[in-house]
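Okay, here's what each chain looks like letter by letter:
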Amino acid sequence: MTGRALVKQAFQLRKAERIPWVPFVGVHGARLIGATATAYLQSADLLFQGVSKAIELYQPDGIPVVFDLQMEAEILGCKLAWSDHNPPAVVSHPLLEGKTLADMQIPDKNAGRIKLTLEATRRLRNAHPDVALYGLITGPFTLALHLLGTDIFMKMLEDPDSMTALLQFTNEVGKHMASYYIEAGCDIVAVVDPMTSQIDPMSFETFVTPCATGLFEHIRQQGALSSFFVCGHAQQNIEAMCGCKPDNISIDENIPLDYVKEVALKNDLSFGGNIKLTVVMLMGTPNDVQENALECMDMGGNKGFILAPGCDMPMDTPIENVKAVTGLVHDPYRQEVVRAMEKEQSKLDLLNLKDYGQTDRVVVDVITLDSESCAPCQYMVEAVKKVTPHFEGLVEWREHAIKKLEAVTFMSSLMVKNIPTICIDGKIAFVSQIPPRQELIAAIQKRINEKLKLKLKSKKGELFIFGKTAEECQDLIANVKRATAELGQQMEIKMITDPHQLAIFGITETPAAILAEYKVKSTGTNPSVEIIKEWVKNVY
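All chains use their own residue numbering, which begins from 1 and follows the written sequence. Only residues with pLDDT of 70 or above have their local features reported here, since the model is predicted, and side-chain atom pairs are shown and tallied only from 80 upward, although totals for entire chains, interfaces and linings are computed over all residues. The side-chain quantities take in all heavy atoms of the structure and omit both hydrogens and water.

*Asks:* How would you explain empty space enclosed by the protein if you had to name every residue and give the values?
*Replies:* The distinction between a cavity and a pocket rests on a 1 Å grid over the protein atoms alone: a 1.4 Å probe fits inside a cavity but cannot get out, while a pocket stays open yet meets protein on both sides within 12 Å along at least five of seven lines, and a residue with an atom within 4 Å of a point counts as lining. Grid points are joined across faces, edges and corners, and a volume is the space filled by probe spheres set on the points. Counted according to the given criterion, the structure contains five cavities of 30 Å³ or more. The computed volume of the largest cavity comes to approximately 160 Å³. In terms of lining residues, the largest cavity is bounded by 16 residues, among which Cys231, Asp252, Asn254, Leu369 and Ile419 are the most central. Put simply, DSSP H or I for four residues or longer makes a helix, DSSP E for two residues or longer makes a strand, and each gets a number counted from the N terminus. Of all the elements in the fold, those that place two or more residues in the lining of the largest cavity are α13 (277-282) and α17 (375-387). Under the convention adopted here, Pro, Cys and the residues Ala, Val, Leu, Ile, Met, Phe, Trp and Tyr are nonpolar, Asp, Glu, Lys and Arg are charged, and Gly plus all remaining residues are polar. Per-class residue counts for the lining of the largest cavity are 10 nonpolar, four polar and two charged. When residues of the lining of the largest cavity are assigned to domains, at least three map to each of domain 1 (3-330) and domain 2 (362-456). Considered as a void within the structure, the second largest cavity measures approximately 120 Å³ in volume. Residue ranges assigned to each domain were obtained from an automatic or database domain assignment.

Here it is, written out as structure tokens:
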């Protein structure tokens, strides 16, 4: 049986002779032929060469032609920032810059980069008839967000009618794109809508379901299969996604595969996922990859399951790691060997972040896949960048893209499980949800206020005035009171004339003054003996 037939069999929920394998080769294809991502995504020849090379190396049952969720947005007026190692990122939103929905037209098959993508599709169909081709289109909600920016979340509340109109337009774009791909030879149209992970089920059913349901019906009427592809912490919307009646649900590592399997099969849908993208495919060893892939295979089973990475593979994913999945899928004996192997312990050297965020500034950490290649990550980073300047130097922010090992270590040390996530001074604040501007400002301001209170507490102290008699202390006490009055400060003053107390403090000549400064060392915790010993060392 060909890989193409195997994928279709899985979509139809028929028990397969083996689990089909669909590597999401995006700009990784550029690496295989020594091209940059920028050149790759703008050339039909390079796309054909890169995908063909991936088919040669990885023996997939299915493969996407291109993985670029900015193609439609660019044609509709969004400016892009190009990168040599990632797909481009949307950096402008035409509906915020004077354009209206009436100014926009459905792109035809010769518009922008659609023409070269369809040319590559036709050539791949002719050259690789046994491989299922996926045509990936930008989902209606994500495309709407590209056009409007994060104002979309307020628009859903304040002007739902205009939001509905926008989604109807982006959905029509999706229908045309689906038709173009099907006509060019794609077997499956995947509607990739990662930004739906940012909305709740009620908003999903109000705004997304009516559009997506019609889109999947359109694909079905064209004689093709469909997949609803979401990434991020979108578990709350899986039921609603199934209600849109695609043929398949595809997810990344943020969502448990066993949960998706249960919901999908209950709705008579196939499902796909979800090999870990960065910590395993990008940074792991071939053994790590096979171990994780086998976990997915054992969980997914041989009915309706398609093995795939959680999203498009990073450009620099080691070729040996991807080939390791191919070897596992095609070799039942290897599967038994990997099952028998003892799992290796985590190699991450976790950081001790117990005292993280104790500096004067508030630190906002954004843990992402990579804001250059992940739309939810990009918009979460933008949300943070926009508000931090309003705090006039009191706040600093950092992105930790987990395509790098140090960022994975940091993420694990903070016990962050989902991306993207915002942490404020080491505490998880917003998980896989772009916070509204005012909520983010309020969360940061709350932490600033907490730090200010601690700082004020730390500055409190007492002044001890020592003398042999009360009369001897009076002039010094008067000077202290005058000094604190001129500073606008209040300080408790204690006079000590007891000879025994003078001896305890080591006072031999009077009058004398000792300033006792109190510094808050711990609140709401029970410090260990080792930590308290460090405090005491600083005193003596």
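*Asks:* How would you summarise the pattern of salt bridges if you had to cite specific residues and measurements?
*Replies:* By definition, a salt bridge exists where a carboxyl oxygen of Asp or Glu is found within 4 Å of a side-chain nitrogen of Lys or Arg. Per the stated rule, a full pass over the model turns up 22 salt bridges. The salt bridge partner of Glu239 is Lys266, with a shortest N-O separation of 2.8 Å. Residue Glu239 is located in helix α11 (residues 238-243), and its partner Lys266 is located in helix α12 (residues 257-266); the two are separated by 27 residues in the primary sequence. Note on exposure labels: buried denotes an accessible area under 20% of the residue type's maximum, exposed denotes more than 50%, and partly exposed covers the range between, all computed with a 1.4 Å probe on protein chains only. The exposure class assigned to Glu239 is partly exposed, which follows from its relative accessible area of 35%. Connected through shared salt-bridge partners, Arg4, Lys8, Arg125 and Asp187 make up one network.

*Asks:* Explain the pairing of strand β13 (residues 427-431) to me, using residue names and the numbers behind them.
*Replies:* Whether two strands pair depends on DSSP finding at least two bridges between them. Here strand β12 (residues 421-424) runs beside β13; their pairing, made up of four bridges, is antiparallel. Across the sheet, the residue bridging to Ile422 is Phe430, located in β13. Following β12, the chain reverses through two residues before pairing antiparallel with β13; Asp425 in that reversal takes a positive phi of roughly 50 degrees.

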